[in-house]
Amino acid sequence: MKQRLAAGSDAILERLTALHPKKIDLSLDRIEILLEKLGRPQDRLPPVIHVAGTNGKGSTVAFLRAMLEAAGKRVHVYTSPHLVRFHERIRLAAAGGGRLVDEDELAATLETCERVNDGAPITFFEMTTAAAFVLFAAHPADYLLLEVGLGGRYDATNVVAAPAASLVTAVSMDHVEFLGSSLEGIAREKAGVFKDGCPAIVAAQTEVPERVLEREARRAGATLTLGGRDFTVREEHGRLLFEDEAGLLDMPLPRLTGRHQHQNAATAIATLRRIAPDIPLDAIERGLLTVEWPARLQRLSRGTLAAAAPAGAELWLDGGHNEDGGKALGQAMADLEEKAARPLILICGTLTTKDTKAFLQPFAGLAQEVIAVPVEGEHAGRPARDVAACATAVGLPAAACQGVEQALAFLKARTWPVPPRILVCGSLYLAGAVLAANGTPPT
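Residues numbered from 1 in each chain as written. Predicted model: local features only at pLDDT ≥ 70, side-chain atom pairs only at ≥ 80, totals over all residues. Heavy atoms only, no water.

A. Here's a closer look at the overall build of the protein. Counting its secondary structure elements, the protein contains 16 helices and 17 strands. For a compact globule of 443 residues, the expected C-alpha radius of gyration is about 22 Å, and the protein comes in at 22 Å, within 12% of that figure. For the protein, the residues scored as buried account for 55% of the 443 residues in total. By sequence separation, contacts in the protein at least 24 residues apart represent 76% of the contacts at least 6 residues apart. Of the roughly 18500 Å² that the protein leaves accessible, carbon and sulfur atoms contribute 51%. Positive and negative side-chain charges of the protein, numbering 47 and 53 respectively, have mean locations separated by a distance of 1 Å. (Helix = DSSP H or I, 4+ residues; strand = E, 2+ residues; numbered from the N terminus. Rg over C-alpha atoms; globule rule 2.2 N^0.38 Å. Buried < 20%, exposed > 50% of the residue type's maximum accessible area, 1.4 Å probe, protein only. Contact = heavy atoms within 4.5 Å. Areas by Shrake-Rupley, 256 points an atom, 1.4 Å probe, with all protein chains shown as cover. Lys, Arg positive; Asp, Glu negative; His and termini not counted. Charge placed at Lys NZ, Arg CZ, Asp CG, Glu CD.)

Next comes the structure, spelled out in structure tokens:
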């Protein structure tokens, strides 16, 4: 008798990695075949807000979710990658806010998709996206916030024919091995989420991505709302001022730290003003004040690692890992320094697929020291000594350490006239490991 395969989600997810030789293989053919066999769940989804971009996708989704839920809307959310557990990727609408998919439902859905796929080649992300669509179609909701995994045009999420809106957040250089080495080419791939007759909301961009995205929206027949032209955002006297053709909104600053979050909040607001004008201002304001998005300049004030930091130190965590992510983080740290001066120490781990020097460059002259650590469990993790060498190359004093816990112990052993500001950064995978070790995983 044939033995039944283990049905726990971890066991199924492990098996899925063997179905395709490549971790990433951008194409829509395989997922479209599987979705057809599953009864086309993508056609039974609630109104979809599809979010592409290089930086800020997850934060923009978090703002949208907080604002919509503050208005009493039921919201499904699909994001990637996860930080600690796969279940974080799929949030199902529920009364009083969403919930992460539970283990039994996830395992059963993955098992169904695995059985229907019947061993055909398919990537891990394509299979899990199909499973997410099955789950989202089975539960009522007012909106689905759907984050692109990589790129846009050939991303597995791009099977939704007519989204309520397509968003593109800030576009910059990243994933060049899959999207190409030109900013124009990367922007063109992101623009692949634009659909004929559907609203396209684009965050403020630098010159090249703006030109490409505007052109591609026109070619696709999408109706474009462009940051910097059709809506603007600025901070004045500790308030967030958003302006579009409908008028000026004077609101509190968002809960998420950093000036770059103002642009993400503005993109979310512009989207709701375009497709859901019934959302009241007080819901938008409450969303700004209650939004949560782990590992994006997250202050760790409790937990195992927080307790291991030097007395009185600030411990911050961010998963930013590319050049523009480094610029945003550097600006945020400079703003914190201006408000309250402290020695800035980076605990940094990166992947070999990322430009570590470009990421660290904005901290030159700002950080006192970099303590390099490995990203444990990642085959593409850059050795700590190599991260330290990258830091030294851009003018930052650096040392290598075995891990974040050891780095914190190293810092705790010092005498600090002023307690330091410690930023753990360089990789979302490192950020996930930190949250797990700290005992504060996303919920």
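Structure's up, so let's keep going.
B. Expanded view of the packing of helix α4 (residues 103-117) against helix α5 (residues 124-138). For the pair α4 and α5, interaxial distance at closest approach is 9 Å and the crossing angle is 120 degrees. Considering the angle they form, α4 stands oblique to α5. Relative to α5, α4 is oriented so that their crossing is right-handed. Two secondary-structure elements touch here, α4 through E105, T109, L110, C113, E114 and N117 and α5 through M127, T128, A130, A131, V134 and L135. Broken down by class, the residue content of the contact of α4 with α5 amounts to seven nonpolar, three polar and two charged. (Axes fitted to C-alpha atoms, helices over the stretch in contact; angles between N-to-C directions. Parallel < 35°, antiparallel > 145°, perpendicular 65-115°, else oblique. Left-handed = near helix turned anticlockwise from the far one by under 90°. Nonpolar A, V, L, I, M, F, W, Y, C, P; charged D, E, K, R; others polar.)

C. Quick peek at the sheet that holds strand β8 (residues 223-226). The strand order β4-β3-β2-β5-β1-β6-β7-β8 describes an open sheet built from eight strands, whose pairing is mixed. For this open sheet the edge positions go to β4 (99-100) and β8, each flanked by a neighbour on one side alone. As defined by bridge partners, strand β7 (residues 199-202) adjoins β8 across four bridges and the pair is classed as parallel. Opposite A200, over in β8, you have L224 as the bridge partner. Relative to the sheet, α5 contacts β2 (75-78), β3 (90-92) and β5 (143-147), its axis offset from that of β2 by approximately 175 degrees. (Pairing = 2+ DSSP bridges.)

D. Inspection of the side chain of D335 at higher detail. With respect to the element layout, D335 can be found in helix α12 (residues 323-339). What makes D335 buried here is its relative accessible area of 16%. For D335, the side chain forms a polar contact with the side chain of R259, separated by 2.9 Å. (Polar contact = N/O pair within 3.5 Å; in protein donor to acceptor, adjacent residues only side chain to side chain.)

E. A look at the packing of aromatic side chains. Per the counting criterion, the structure on display carries five aromatic pairs. On the basis of an interplanar angle of 90 degrees and a centroid distance of 6.1 Å, the ring pair of F86 and F124 is categorised as edge-to-face. Pair noted here: F86 is in the loop between β2 and β3 and F124 is in helix α5, with a separation of 38 residues, a long-range link. The class for F86 is buried, based on a relative accessible area of 5%. One aromatic cluster is present, built from ring pairs that chain together Y78, F125 and F136. (Phe/Tyr/Trp six-rings, centres within 6.5 Å; stacked < 30°, edge-to-face > 60°.)

F. Broad picture of the nonpolar core. By size, the foremost hydrophobic cluster in this structure holds 37 residues, and its most contacted members are F63, M67, L145, F242 and M251. For this core, the element with the highest residue contribution is helix α3 (residues 57-70), accounting for eight residues. Those residues in contact with F242 that sit more than four places away from it in its chain are F231, T232, V233, G247, L248, L249, M251, A266, I269, A270 and R273. Membership of the second largest hydrophobic core comes to 34 residues, among which are V101, F125, F136 and A156. (Core = buried A, V, L, I, M, F, W, Y, C linked by side-chain atoms within 4.5 Å.)

G. Structural view of the environment of E103. Here E103 is to be found in helix α4. The class of E103 is partly exposed, set by a relative accessible area of 29%. In sequence terms E103 and G8 are 95 residues apart; their C-alpha atoms lie 7.8 Å from each other. Beyond its immediate chain neighbours, meaning those up to four positions away, E103 contacts G8, S9, R85 and H87. At 2.6 Å, the side chain of E103 forms a polar contact with the side chain of S9.

What is shown is where atoms sit, not what they do.
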